[in-house]
Amino acid sequence: MGYQELIDSLRKEGEKKAQAFRAETRAEADKITSETAGKIKQLREEFRKKETVLIMKQENDILSAAENRARSIRLSGEESLSARLFELAGSMLHELRDARYNAVFTSLVNELPPSVWTEALVNQDDVSMTLVHFPNIHIIGDNRISGGIDVSGENSRQRIINTFEKRLERAWEEMLPSLIHEVRKEA
């Protein structure tokens, strides 16, 4: 084999090796690209899942906060409505002083337990009626009382409040739900 043939043979072999190396490199690059694409796809899927979970959590947190805020506003509104209704009911207690009021007052007095009463608070218009039931008692006219009687015993150790205002106060918790229901129905 001559010099030229040796060089041609070495070139051919070098080209074959270079082609094989390029093919190997291309195959390795394609493999790396394919693996990288697969990993990117997997990571995107994982992040999508995490993002979905985070979005759902954030949505739940926002909805929960909104529900709490709405509940708070509703409660505040109901408290405000309750106060207004109580004030309105209190302002209408004087309407119970109708033609039957003498019998109602007598009934309220008769509900008092037997005791030595020393002082009574009543509506200014009820002072004379109170003297009929309690001739030896100190009577104070108080127009903040719509009707009924507030009596105190010796040294004010015993006190019974049997007024329209106190009865409204005691019955209010039972009355309020039906009143709110009626207001909602009308609204």
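A brief look at the structure comes next. The structure presented is a predicted model; accordingly, all values stated were derived computationally and were not measured. (Residues numbered from 1 in each chain as written. Predicted model: local features only at pLDDT ≥ 70, side-chain atom pairs only at ≥ 80, totals over all residues. Heavy atoms only, no water.)

Description of the overall build of the chain
Of regular secondary structure, the chain possesses four helices and four strands. Secondary structure elements of the chain, listed N to C terminal, follow the sequence α-α-β-α-β-β-β-α. Taken over the C-alpha trace, the chain has a radius of gyration of 46 Å; the compact-globule value for 187 residues is 16 Å, which it surpasses by more than 25%. Each principal axis of the C-alpha distribution contributes one length, and for the chain these read about 155 × 40 × 20 Å. Taken over 187 residues, the chain has a buried fraction of 20%. (Helix = DSSP H or I, 4+ residues; strand = E, 2+ residues; numbered from the N terminus. Rg over C-alpha atoms; globule rule 2.2 N^0.38 Å. Buried < 20%, exposed > 50% of the residue type's maximum accessible area, 1.4 Å probe, protein only.)

Quick word on the sheet that holds strand β1 (residues 117-122)
Two modes of strand pairing occur in sheets, parallel and antiparallel, and in both the strands are linked by backbone hydrogen bonds. Strand order across the open sheet formed by four strands is β2-β1-β3-β4, with mixed pairing between neighbours. A strand with exactly one partner marks an edge of an open sheet, and here the two such strands are β2 (138-141) and β4 (159-163). Pairs of neighbouring strands in the sheet enclose a mean axial angle of 15 degrees, with direction left out of account. With five bridges joining them, strand β3 (residues 148-153) and β4 adopt antiparallel strand pairing. Looking at β4, one finds that serine 152 is bridged to arginine 159. Across the sheet, helix α2 (residues 101-110) touches β1, β3 and β4, and the angle it forms with β3 is around 25 degrees. (Pairing = 2+ DSSP bridges. Axes fitted to C-alpha atoms, helices over the stretch in contact; angles between N-to-C directions. Contact = heavy atoms within 4.5 Å.)

Focus on helix α1 (residues 3-91)
Taking 1.5 Å of rise per residue, the 89 residues of α1 would be expected to cover 132 Å, and the 127 Å separating its terminal C-alpha atoms lies within 8% of that figure. Listing the buried residues of α1 in full gives Ser82, Leu85 and Ala89. Residues of α1 that are buried in the fold lie against α4 (164-186). (Expected span 1.5 Å × (residues − 1).)

A few points about the nonpolar core
Note that soluble globular proteins tend to have their nonpolar side chains buried in a common cluster. Counting 22 residues, the largest nonpolar core has Phe105, Phe134 and Ile149 as the members making the most contacts within it. Where this core is concerned, the elements lending two or more residues are α1, α2, β1, β3 and α4. No other element matches α4, which puts five residues into this core. (Core = buried A, V, L, I, M, F, W, Y, C linked by side-chain atoms within 4.5 Å.)

With respect to the packing of α1 against α4
For the pair α1 and α4, interaxial distance at closest approach is 10 Å and the crossing angle is 115 degrees. Relative to α4, α1 is oriented so that their crossing is right-handed. Touching Glu78, Leu81, Ser82, Leu85, Phe86, Ala89 and Gly90 of α1 are Leu168, Glu169, Trp172, Leu176, Leu179, Ile180, Val183 and Arg184, all from α4. Looking at the contact of α1 with α4, its residues break down into 10 nonpolar, two polar and three charged. (Left-handed = near helix turned anticlockwise from the far one by under 90°. Nonpolar A, V, L, I, M, F, W, Y, C, P; charged D, E, K, R; others polar.)

A short note on α4
End to end, α4 covers just 27 Å across 23 residues, shorter than the expected 33 Å (1.5 Å per residue, more than 12% under). At tryptophan 172, α4 shows its largest bend, some 60 degrees. Residues of α4 that are buried: Phe164, Leu168, Trp172, Leu176 and Ile180. Looking at the buried residues of α4, the elements they touch are α1, α2 and β4. (Bend = angle between axes of the 7 residues up to and from the residue.)

Remarks on the packing of aromatic side chains
Under the criterion given, the structure shown has three aromatic pairs. Consider the rings of tyrosine 101 and phenylalanine 105, whose centres lie 6.1 Å apart with planes at 50 degrees: the pair is tilted. With tyrosine 101 and phenylalanine 105 both in helix α2, this residue pair falls four residues apart, about one helical turn. Of the two residues examined, tyrosine 101 and phenylalanine 105, each falls in the buried class. Relative to phenylalanine 164, the ring of tyrosine 101 has its centre 5.9 Å away and its plane inclined at 80 degrees; by these criteria the two rings are edge-to-face. (Phe/Tyr/Trp six-rings, centres within 6.5 Å; stacked < 30°, edge-to-face > 60°.)

Quick look at the side chain of serine 152
Tracing the backbone shows serine 152 in strand β3. For serine 152, a relative accessible area of 7% corresponds to the buried category. Non-local contacts of serine 152, meaning those with residues more than four positions away in its chain, are made with Trp117, Thr118, Glu119, Gln158 and Arg159.

Distances and angles like these do not, on their own, reveal function.
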